[in-house]
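# Report on the structure
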Amino acid sequence: DIVRLVYEFGFHPKFPEDVILESRKIKDAPLMAPLTGNIYTVDAVSAKDLDDAIKIAKVENGYQVGVYIADVGFYVRNQSKIACEALFRTTSLYLSDYVFPMLPEAISNGVCSLKKGEIRKVIGVEFFLTNEGLIEKRSVKPLTIVVSDRLSYEGLERALINEEEKYHRLALLF
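The structure contained in this document is the topic of the report that follows. All values reported here derive from a predicted model rather than from experimental measurement.

### Things to note about the sheet that holds strand β1 (residues 39-43)
The six strands are arranged β7-β6-β3-β2-β1-β8 in an open sheet whose pairing can be described as mixed. Each edge of the open sheet is held by one strand with a lone partner, namely β7 (135-146) and β8 (149-152). Neighbour-to-neighbour, the strand axes of this sheet turn through a mean angle of 30 degrees, independent of strand direction. Relative to strand β2 (residues 52-59), β1 runs antiparallel, the two being bridged by two bridges.

Structure, rendered in structure tokens:
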């Protein structure tokens, strides 16, 4: 059985109670005005931890691109019980029918989940990509965003072969 094997290899699926209690105390912080419009998460249909998003806009001579990663460091302080547990786990563990997250659900599926329509803190990498594929005018900075929609790998694949209308407009950028 999968869970028994996970324990056998030293991974503990359940979080210690003190880590769970600490994670439940984390609340959304006051945020700056968020970026909005055409920001998408792209994950598997079954994904629960939506921690990255993209924005691509066709502009004169190229594309304006944004890549956004949930700012876990804003909420999880160094040396906290949550940080120590995450360091011990090192990663989330994805198996066929199981996910054993690195962070408690209140964080991974809560304040740090880039859910459609919700304001979230991120670290953003924004750059201009020329039509020749050169990266110009890049920046890395903390931001807040509102995700426009959740996309899936499966839906994007269908869009690229022109079978999924929801994704067709985004697929045209590629």
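Moving on from the model shown.
### Points about unusual backbone geometry
Residue Gln79 is not a glycine yet carries a positive backbone phi of 70 degrees. As for its placement among the helices and strands, Gln79 is situated in the loop between α3 (72-75) and α4 (81-89). Positive phi, close to 65 degrees, is recorded for Thr90, a residue that is not glycine. The topology assignment puts Thr90 in the loop between α4 and β4 (93-94).

### Structural notes on the packing of aromatic side chains
Enumeration according to the criterion identifies two aromatic pairs in this entry. Across the ring face of Phe15, the terminal group of Arg89 is positioned such that the distance to the ring centre comes to 3.7 Å. Here Lys121 stacks its cationic end above the ring of Phe74, 4.5 Å away from the centre of that ring.

### Structural notes on the environment of Phe11
Along the chain, the position of Phe11 falls in the loop between α1 (2-8) and α2 (17-24). Here Phe11 falls in the buried class, since its relative accessible area comes to 13%. Placed 78 residues apart in sequence, Phe11 and Arg89 show a C-alpha to C-alpha distance of 7.2 Å. Setting aside chain neighbours within four positions, we find Phe11 in contact with Val6, Arg89, Thr91, Leu93 and Phe100.

### Describing the nonpolar core
Core analysis: the biggest nonpolar cluster contains 22 residues, and Ala53, Tyr68, Ile82, Ile107, Leu114 and Ile145 have the highest contact counts within it. At the level of secondary structure, the elements contributing two or more residues to this core comprise α2, β3 (62-70), α4, α5 (105-111) and β7. Top element by residues in this core is α4. It accounts for three residues.

### What about the pattern of salt bridges?
Side chains bearing opposite charge may pair, as long as their charged atoms lie close to each other. A complete count under the given rule lists five salt bridges for this structure. For Arg4, the salt bridge identified is with Glu8, shortest N-O distance 2.6 Å. On the criterion of helical spacing, the pair formed by Arg4 and Glu8 is a turn pair, its members being four residues apart in helix α1. On the accessibility criterion, Arg4 (47% relative accessible area) is partly exposed. Among the ionic pairs, Asp149 bridges to Lys116, the shortest N-O distance being 3.8 Å. Residue Asp149 is located in strand β8, and its partner Lys116 is located in the loop between α5 and β6 (119-130); the two are separated by 33 residues in the primary sequence. Exposure remark for Asp149: the relative accessible area of 17% places this residue in the buried category.

Criteria and thresholds
- Residues numbered from 1 in each chain as written.
- Predicted model: local features only at pLDDT ≥ 70, side-chain atom pairs only at ≥ 80, totals over all residues.
- Heavy atoms only, no water.
- Pairing = 2+ DSSP bridges.
- Helix = DSSP H or I, 4+ residues; strand = E, 2+ residues; numbered from the N terminus.
- Axes fitted to C-alpha atoms, helices over the stretch in contact; angles between N-to-C directions.
- Phe/Tyr/Trp six-rings, centres within 6.5 Å; stacked < 30°, edge-to-face > 60°.
- Lys NZ or Arg CZ within 6 Å of the ring centre and 35° of its normal.
- Buried < 20%, exposed > 50% of the residue type's maximum accessible area, 1.4 Å probe, protein only.
- Contact = heavy atoms within 4.5 Å.
- Core = buried A, V, L, I, M, F, W, Y, C linked by side-chain atoms within 4.5 Å.
- Salt bridge = Lys/Arg side-chain N within 4 Å of Asp/Glu carboxyl O.

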